[in-house]
Amino acid sequence: MTALTRRTILAGVAAALAPAFVRPAEAQAFAGFVASLWPAASAAGVSRATFDRAFAGIQPNPRVIELSVRQPEFRRTLGDYVDVRASNKRVTNGRANFGQHGATFSAVQSRFGVPGEIICSIWGNETSYGTSRGEHYVIQSMATLAAAGRRADFFRRELIAALRILQAGDTTPQNMLGSWAGAMGHVQFMPTSFHAFAIDFTGDGRRDIWNSIPDAMGSAANYLRRNGWQPGIPWGFEVHAPGVPGNRAQRRSIDGWAAAGVRRADRGPMSGGANAVIWKPAGEGGPHLLLTQNFNVIKRYNNADSYALAVAHLGDRIKGGGRFTKPWPPGEGGLTHADREEIQTRLNRLGFDLGDVDGILGDKSKQAVRTMQGRFGMSPTGEADRAFLERLRRG
């Protein structure tokens, strides 16, 4: 680890432990909670020295409570979600990382039978290839949540598991950074998942998912393989299946679907005895997908169809594939993802600094839209639609 990296990590821990305003009664209750953990930690094999080092200087973190109760507004369609997760920028960065760490991905695939591009895609979806691993001290975050009674049993169990990681010497308190909820490292394992699936891929005696890319990628592959990944079988692929019900109710072998007239969208071979289903998540007008059991294995990482499809599609694009041949139907405002990318591109050309074109019309984009709507004599709502795009095209 470089000196700069070490200073950055230490600075992150210092910021996490920096005393926010905590009322004396809250601090006292938190100290009592920490003291109450010792019998369970000791029974789990944690030494007093490890316990005291883990909790040294900790106070409850009000920011963690704030994040735990925030209810984000989910407005994206499935198509938007997948397109954002497999944006051009993420694909470009994914291909760069896949090439840079090609030997690691090849070795991981050889050992576990999970395609390297799928593991790289999980890395990209979880932490943007390691650039967004979280800056919260995991012990502090989970102790804050458990002490506040927020899923107390769950976070108490994870907290004891995190202490066991420190006891084993896989990492240090200074390195144990993650999300506000305790997900850690390049591939965002919770502590109990770490114990179940993390591996020492490099053979240096530590399972370091925080700083060792081989350990992190190997651990994610181990997770999928032990949850049922079948080597040699794809997650699925885009198909042409007009008239075939797309509700995943009917299961046939890939050969069986081929015999029924289903064809791959990329004109590739469609053969094999693996069972599969047809899914049309946006109806007949959107992409038609053939899914194998391996698609469901990806959902063991995050039990959402949207997440699994984003991982699968990004993996295909990292490997060199393109977007789905059949576009997603328009979403809010009658705009497709490509339409929103075009709006951002045109606004950037007009001098608005919106950053990377990703199809996400966030605050900067909405302000630029509002400004241009005013110039065009349109109602300045900040919400783009097809009428705004057509006016923008006319200049």
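Look a little higher up for the structure.
Residues numbered from 1 in each chain as written. Predicted model: local features only at pLDDT ≥ 70, side-chain atom pairs only at ≥ 80, totals over all residues. Heavy atoms only, no water.

Trainee: Please explain the environment of Ala44 as it appears in this structure.
Mentor: Tracing the backbone shows Ala44 in the loop between helix H2 (24-43) and helix H3 (48-55). When its relative accessible area of 31% is taken as the criterion, Ala44 is described as partly exposed. C-alpha separation for the pair Ala44 and Gly79, spaced 35 residues apart in sequence, amounts to 45 Å. When near neighbours in sequence (up to four residues on either side) are disregarded, Ala44 contacts Ile160 and Arg164. (Helix = DSSP H or I, 4+ residues; strand = E, 2+ residues; numbered from the N terminus. Buried < 20%, exposed > 50% of the residue type's maximum accessible area, 1.4 Å probe, protein only. Contact = heavy atoms within 4.5 Å.)

Trainee: Mind showing me how you'd approach the packing of H2 against helix H10 (residues 152-168) here?
Mentor: Put simply, H2 and H10 touch, their axes get as near as 11 Å, and they point 65° apart. When the axis of H2 is compared with that of H10, the two are roughly perpendicular. Between H2 and H10 lies a crossing of right-handed hand. Contacts between H2 and H10 involve Phe33, Ser36, Leu37, Ala40 and Ala41 on the former and, on the latter, Arg156, Leu159, Ile160 and Leu163. Residue classes in the contact of H2 with H10 are distributed as seven nonpolar, one polar and one charged. (Axes fitted to C-alpha atoms, helices over the stretch in contact; angles between N-to-C directions. Parallel < 35°, antiparallel > 145°, perpendicular 65-115°, else oblique. Left-handed = near helix turned anticlockwise from the far one by under 90°. Nonpolar A, V, L, I, M, F, W, Y, C, P; charged D, E, K, R; others polar.)

Trainee: It is not clear to me how the packing of H2 against H3 should be interpreted in this structure. Could you clarify?
Mentor: Axis angle and axis distance: for two packed helices, these are the angle between their axes and the distance between the axes, and together they describe the pair. Direction vectors running N to C along H2 and H3 enclose 145°, while the axes themselves pass 11 Å from each other. When you trace H2 past H3, the crossing you get is right-handed. Residue-level inspection shows Val34, Leu37, Trp38 and Ala41 of H2 in contact with H3, the latter providing Arg48, Phe51 and Phe55. For the contact of H2 with H3, a count of residues per class yields six nonpolar, no polar and one charged.

Trainee: Help me understand the nonpolar core, please; the structure alone is not making it clear to me.
Mentor: In summary, soluble globular proteins display a tendency toward joint burial of nonpolar side chains. Formed by 82 residues in total, the largest nonpolar core has its most connected members in Phe55, Ile139, Met176 and Leu224. Looking at which element gives the most residues to this core, the answer is helix H15 (residues 305-318), with eight residues. The contact partners of Leu224, leaving out residues within four places of it in the chain, are Val114, Ile118, Ile119, Ile122, Trp229, Val297, Ile298 and Tyr301. (Core = buried A, V, L, I, M, F, W, Y, C linked by side-chain atoms within 4.5 Å.)

Trainee: Teacher, can you tell me more about the sheet that holds strand E7 (residues 288-292) here?
Mentor: The strand order across the open sheet formed by five strands is E4-E6-E7-E3-E5, and the pairing between neighbours is antiparallel. Two strands in the sheet have a free side with no partner beyond their single neighbour: strand E4 (252-253) and strand E5 (263-264). With four bridges joining them, strand E6 (residues 275-279) and E7 adopt antiparallel strand pairing. Bridge assignment links Val277 to a residue of E7, and that residue is Leu291. (Pairing = 2+ DSSP bridges.)

Trainee: Help me understand the packing of aromatic side chains, please; the structure alone is not making it clear to me.
Mentor: One pair of aromatic rings is described through two measures. These are the centre distance and the angle between the planes. Per the stated rule, a full pass over the model turns up 15 aromatic pairs. With 6.4 Å between their ring centres and 45° between their planes, Phe105 and Trp123 make a pair best called tilted. Remark: Trp123 occurs in helix H8 (residues 116-127) and Phe105 occurs in helix H7 (residues 102-112); sequence separation between them is 18 residues. Residues Phe105 and Trp123 agree in their burial class; the two are buried. Members of the aromatic cluster, joined through ring pairs, are Phe98, Phe105, Trp123 and Tyr129. Over the aromatic face of Trp279 sits the side chain of Arg248, whose NZ or CZ is 4.4 Å from the ring centroid. (Phe/Tyr/Trp six-rings, centres within 6.5 Å; stacked < 30°, edge-to-face > 60°. Lys NZ or Arg CZ within 6 Å of the ring centre and 35° of its normal.)

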